[in-house]
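Reading the structure
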Amino acid sequence: MSKKPSAPQADTQTIASLTATRARIESLLPTLGPAAQRIGEFVLRNAERVVHMSVSEVAEQTDSSEGSVVGFCKTIGAKGFQQLKIALAQELVQPVQYIHEDLATSDSTGAVVSKIFHSNIQTLQETSSVLDVGSLEQAVQAIRAARRVEIYGIGSSATIAEDAYYRMLRIGLNAVAVTDSHIQAISASRTGPDVAVLTISHSGSSYETVLATRLAKEAGARTICITNFGKSPIHAYTDILLYTMARETRFRTEAMTSRLAQLAIIDTLIACLALADSDRSVATLKSTFDVLSLKRY
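Structural notes, computed from the coordinates. (Residues numbered from 1 in each chain as written. Predicted model: local features only at pLDDT ≥ 70, side-chain atom pairs only at ≥ 80, totals over all residues. Heavy atoms only, no water.)

**Comments concerning the environment of Thr257**
Turning to its location among the elements, Thr257 is positioned in helix α13 (residues 257-276). It is 9.1 Å that separates the C-alpha atoms of Thr257 and Ile116, two residues lying 141 residues apart in sequence. Separated by 3.5 Å, the side chains of Thr257 and Thr123 make a polar contact. (Helix = DSSP H or I, 4+ residues; strand = E, 2+ residues; numbered from the N terminus. Polar contact = N/O pair within 3.5 Å; in protein donor to acceptor, adjacent residues only side chain to side chain.)

Now the structure itself:
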């Protein structure tokens, strides 16, 4: 098996030093190979689109591979595609947009409240519109048929994975959340056909979660992923896709509204699982409520 590229690591110094990104690309363009030239030209013509796109989407648009896109990024001084997006965003946006892309520095507290809540409501409405009921039903069936459920998440997705684990535990499912990348890889490689894996990844491009999902898929597990709408590397290793629709990937590496969308899908998934086996779920909820009551005054 060919060796996989090493995981892109966050490096604020590299991001900070990658200035004049488009000028760098223009300067290097004549020296690049055909595939890299296509990628460079596409980035120059579509910089504002690129900061919204995944590495898979850029590869498709430029008739190249994901590896070629990552290689192009390294040629211009970035460690990976995510850092290229951040560098482009730094050239394209106002600093306040790193807080939230709808905000302006002159906004009053009332305006901030209105904009943030509107953005969150819009995210939930759009996620509802792209969430496929058939895929949700398949996810419910896969989890119910599994002997064990493993839930993977890294970074901001780790807290969502922990919440999903807690919710599954409350309705009597045999589940575990794995949020350490090394343990994810080991655990995923030891799954099998009687295990369902739920991966939570907003970008679908995080090396650690893509690797864990791939290892689980290769081991025979049924793989489910909650990820943002659009193509990404994790699709290749996922049996069932549950899409969110959050638009903040343009300026930030850490999702904000996407967490609300992910939690809404988790809520829906848990409710469907509980209804599918309502007697057991209600009995387990009652018993766990009694246990939790001991922890309250």
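Next, the rest of the story.
**Looking at the sheet that holds strand β5 (residues 240-244)**
The strand order across the open sheet built from five strands is β2-β1-β3-β4-β5, with neighbouring strands paired in parallel fashion. In this open sheet, the two strands that pair with only one neighbour each are β2 (175-178) and β5. On average, adjacent strands in this sheet sit at an angle of 15 degrees to one another, irrespective of strand direction. Summarising the sheet, strand β3 (residues 195-200) and strand β4 (residues 222-228) pair through five bridges and their orientation is parallel. Across the sheet, residue Thr199 finds its bridge partner in β4, namely Cys225. Packing against the sheet, helix α10 (residues 156-170) makes contact with β1 (148-153), β2 and β3, and its axis sits at approximately 160 degrees to β1. (Pairing = 2+ DSSP bridges. Axes fitted to C-alpha atoms, helices over the stretch in contact; angles between N-to-C directions. Contact = heavy atoms within 4.5 Å.)

**Focus on the packing of helix α9 (residues 133-145) against α13**
At a closest axis distance of 10 Å, the pairing of α9 and α13 adopts a crossing angle of 60 degrees. Here α9 lies oblique to α13, going by the angle between them. By crossing handedness, the relation of α9 to α13 is classed as right-handed. Facing Leu136, Ala139, Val140, Ile143 and Arg144 of α9, the residues of α13 in contact are Thr268, Leu269, Cys272, Leu273 and Ala276. Taken together, the residues that form the contact of α9 with α13 break down as eight nonpolar, one polar and one charged. (Parallel < 35°, antiparallel > 145°, perpendicular 65-115°, else oblique. Left-handed = near helix turned anticlockwise from the far one by under 90°. Nonpolar A, V, L, I, M, F, W, Y, C, P; charged D, E, K, R; others polar.)

**Some words on the packing of aromatic side chains**
Enumeration over the complete set of coordinates arrives at one aromatic pair. Pairing Phe229 with Tyr243 gives two aromatic rings, centres 5.1 Å apart and planes at 70 degrees, and the pair type is edge-to-face. Of this pair, Phe229 sits in the loop between β4 and β5 while Tyr243 sits in strand β5, and the two are 14 residues apart along the sequence. A relative accessible area of 48% means that Phe229 is categorised as partly exposed. Overall, the relative accessible area of 18% leaves Tyr243 in the buried class. (Phe/Tyr/Trp six-rings, centres within 6.5 Å; stacked < 30°, edge-to-face > 60°. Buried < 20%, exposed > 50% of the residue type's maximum accessible area, 1.4 Å probe, protein only.)

By themselves these figures say nothing about function.
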